[in-house]
Amino acid sequence: MFRDSFKYYKSRKPAPDLDDVIDLESPDRVAVRRIEARVTGGRVEDDLGLRSPRKWSIYELLDIPGFIFIQNPFTPDGQRYWITKCLKDYSKEPYKLNINAHNVLDNETWWDICFQTERAKNLLPKLRWATLGYHHNWDTKLYSENSKSDMPAELSGLTSVLAQSLGFSGFRAEAAIVNYYRMNSTLAGHTDHSETNVTAPLFSISFGQTAVFLIGGPRQEDPASAVFLRSGDVVIMSGSSRLRYHGVPRILPAFKAPWDDDCDSREGPAYDWDDWRKARTYIAEARINMNVRQVLKPGQIVLY
């Protein structure tokens with residue numbers, strides 16, 4: 001059952017055996033269908049920190065139809081850009097943060113406090129999530145026209161390229177949750193069913209330390225599979241996988257740090273190098289996940 005698997009991988013004493021975790025760096029050991037990206041004529045991926053789709057490694061797990069995995073399509077510059085973007089820009093207004101309810105920010109931003117003041121030690125790990133676009137209401141599990149901000153253009157552009165490369169040409173990024181994980185963080189099992197449109201794919205993009213991602217079936221009683229998600233990996237939950245239970249029972253230290261590669265190359269999207277040096281100290285012991293979804297049905301203008 002999903003609950004049992006979650007508890008197993010979450011356990012500290014004894015530590016779980018990770019031999020059964022699906023590792024798509026060795027896809028020949030897993031039952032997968034290889035997918036070729038649909039390549040468009042433009043070069044917009046350069047501005048988004050992506051390698052050419054011709055070079056992407058894409059797999060669909062045969063045991064979980066609709067569960068698509070893209071192995072790190074980002075350049076090192078792209079990883080640095082998105083990590084910095086999540087920490088500096090997505091952690092402030094007009095976006096909503098979990099720490100807003102605690103009145104710890106007084107006309108300040110989390111970024112400025114954590115990387116420029118002595119208050120950083122206590123405040124830095126308190127940031128757990130930010131919501132963008134339609135803001136998910138954690139109490140009602142609903143979205144509202146009265147609670148939304150504009151979606152960041154660059155994030156909409158990123159998911160548009162990913163969607164078009166996989167044939168999801170009608171996808172529109174309308175809401176996102178950015179999760180900030182510390183090394184002892186978990187994400188309890190759940191389904192993403194709050195959107196009016198639950199047939200559109202959900203895009204999940206990981207940066208930083210490695211996650212054990214658990215995905216089960218439509219019921220808590222169904223068995224679950226564990227998958228390693230490393231920095232830059234992208235998961236798309238589409239089709240019958242869209243409403244499966246999933247969660248993150250464990251964060252592991254990454255064996256590789258692709259965000260440190262090719263530091264002399266500055267050919268990707270623009271970011272401030274001083275900002276990156278601050279962001280690098282954070283990501284050395286943390287994981288960031290951006291998950292982006294479409295809220296409205298095709299042709300729908302506003303929520304009912």
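To be clear, the structure that these remarks concern was listed above.
Residues numbered from 1 in each chain as written. Predicted model: local features only at pLDDT ≥ 70, side-chain atom pairs only at ≥ 80, totals over all residues. Heavy atoms only, no water.

### Topic: the overall build of the chain
Part 1 of the reasoning: Helix and strand content of the chain: 6 helices and 13 strands.
Part 2 of the reasoning: Relative to the 2.2 N^0.38 estimate, which gives 19 Å for 304 residues, the radius of gyration of the chain is 19 Å and therefore close to what a compact globule would have.
Part 3 of the reasoning: Expressed as lengths along the three principal axes of its C-alpha atoms, the size of the chain is roughly 50 × 50 × 45 Å.
Part 4 of the reasoning: Within the chain, buried positions represent 54% of all 304 residues.
Part 5 of the reasoning: In the chain, of all internal contacts separated by at least 6 residues, the share reaching a separation of at least 24 is 77%.
Part 6 of the reasoning: Looking at the chain as shown, the accessible area adds up to about 14600 Å², and 48% of this sits on carbon and sulfur atoms.
Part 7 of the reasoning: Of the side chains in the chain, 39 bear a positive and 39 a negative charge, and the two mean positions are spaced by 4 Å. (Helix = DSSP H or I, 4+ residues; strand = E, 2+ residues; numbered from the N terminus. Rg over C-alpha atoms; globule rule 2.2 N^0.38 Å. Buried < 20%, exposed > 50% of the residue type's maximum accessible area, 1.4 Å probe, protein only. Contact = heavy atoms within 4.5 Å. Areas by Shrake-Rupley, 256 points an atom, 1.4 Å probe, with all protein chains shown as cover. Lys, Arg positive; Asp, Glu negative; His and termini not counted. Charge placed at Lys NZ, Arg CZ, Asp CG, Glu CD.)

### A look at the nonpolar core
Part 1 of the reasoning: In this structure, Trp 82, Tyr 90, Trp 110, Leu 155, Tyr 180 and Met 290 are the most contacted members of the largest nonpolar core, which totals 57 residues.
Part 2 of the reasoning: Contacts of Met 290, omitting those with residues within four sequence positions, involve Trp 82, Cys 86, Tyr 90, Leu 155, Leu 158, Ile 177, Val 178, Phe 203, Ser 204, Ile 205 and Phe 207.
Part 3 of the reasoning: Within the second largest apolar cluster, 19 residues are counted, among which are Val 32, Leu 61, Tyr 181 and Ile 215. (Core = buried A, V, L, I, M, F, W, Y, C linked by side-chain atoms within 4.5 Å.)

### Quick word on the environment of Pro 249
Part 1 of the reasoning: Mapped onto the elements, Pro 249 comes out in strand β12 (residues 246-252).
Part 2 of the reasoning: Note: C-alpha distance between Pro 249 and Tyr 9 (240 residues apart in sequence) is 5.8 Å.
Part 3 of the reasoning: Here Pro 249 is in contact with Phe 6, Tyr 9, Lys 10, Thr 186, Val 212 and Leu 214, once residues within four sequence places are set aside.

### Notes on the packing of helix α2 (residues 76-89) against helix α6 (residues 273-283)
Part 1 of the reasoning: As a packed pair, α2 and α6 sit with axes 9 Å apart at the nearest point and diverge in direction by 80°. What the angle tells us is that α2 and α6 run roughly perpendicular. Residues Arg 80, Ile 83, Thr 84, Leu 87 and Lys 88 of α2 form the contact with α6, whose participating residues are Trp 273, Asp 275, Trp 276, Ala 279, Tyr 282 and Ile 283.
Part 2 of the reasoning: A class-by-class count of the residues in the contact of α2 with α6 yields 7 nonpolar, 1 polar and 3 charged. (Axes fitted to C-alpha atoms, helices over the stretch in contact; angles between N-to-C directions. Parallel < 35°, antiparallel > 145°, perpendicular 65-115°, else oblique. Nonpolar A, V, L, I, M, F, W, Y, C, P; charged D, E, K, R; others polar.)

### With respect to the sheet that holds strand β10 (residues 225-229)
Part 1 of the reasoning: Taken in spatial order, the 4 strands make up an open sheet running β7-β12-β9-β10, and their pairing is antiparallel. The open sheet is flanked by β7 (187-190) and β10, the only strands paired with a single partner. Neighbouring strand axes in the sheet, compared pairwise and without regard to direction, differ in orientation by 25° on average.
Part 2 of the reasoning: Bridge analysis of strand β9 (residues 210-215) against β12 gives 5 bridges, and the strand direction is antiparallel. Residue pairing for β12: Val 212 is matched across the bridge by Arg 250.
Part 3 of the reasoning: Set on the sheet, helix α1 (residues 2-10) makes contact with β7, β9, β10 and β12; between it and β12 the angle comes to about 10°. (Pairing = 2+ DSSP bridges.)

### A short note on the pattern of salt bridges
Part 1 of the reasoning: Tallied over the entire structure, the rule returns 17 salt bridges.
Part 2 of the reasoning: Note that Glu 174 and Arg 172 form a salt bridge whose closest N and O atoms lie 2.7 Å from each other.
Part 3 of the reasoning: On the accessibility criterion, Arg 172 (31% relative accessible area) is partly exposed.
Part 4 of the reasoning: Between Glu 285 and Arg 182 there is a salt bridge, with the nearest N and O atoms lying 3.3 Å from each other. (Salt bridge = Lys/Arg side-chain N within 4 Å of Asp/Glu carboxyl O.)

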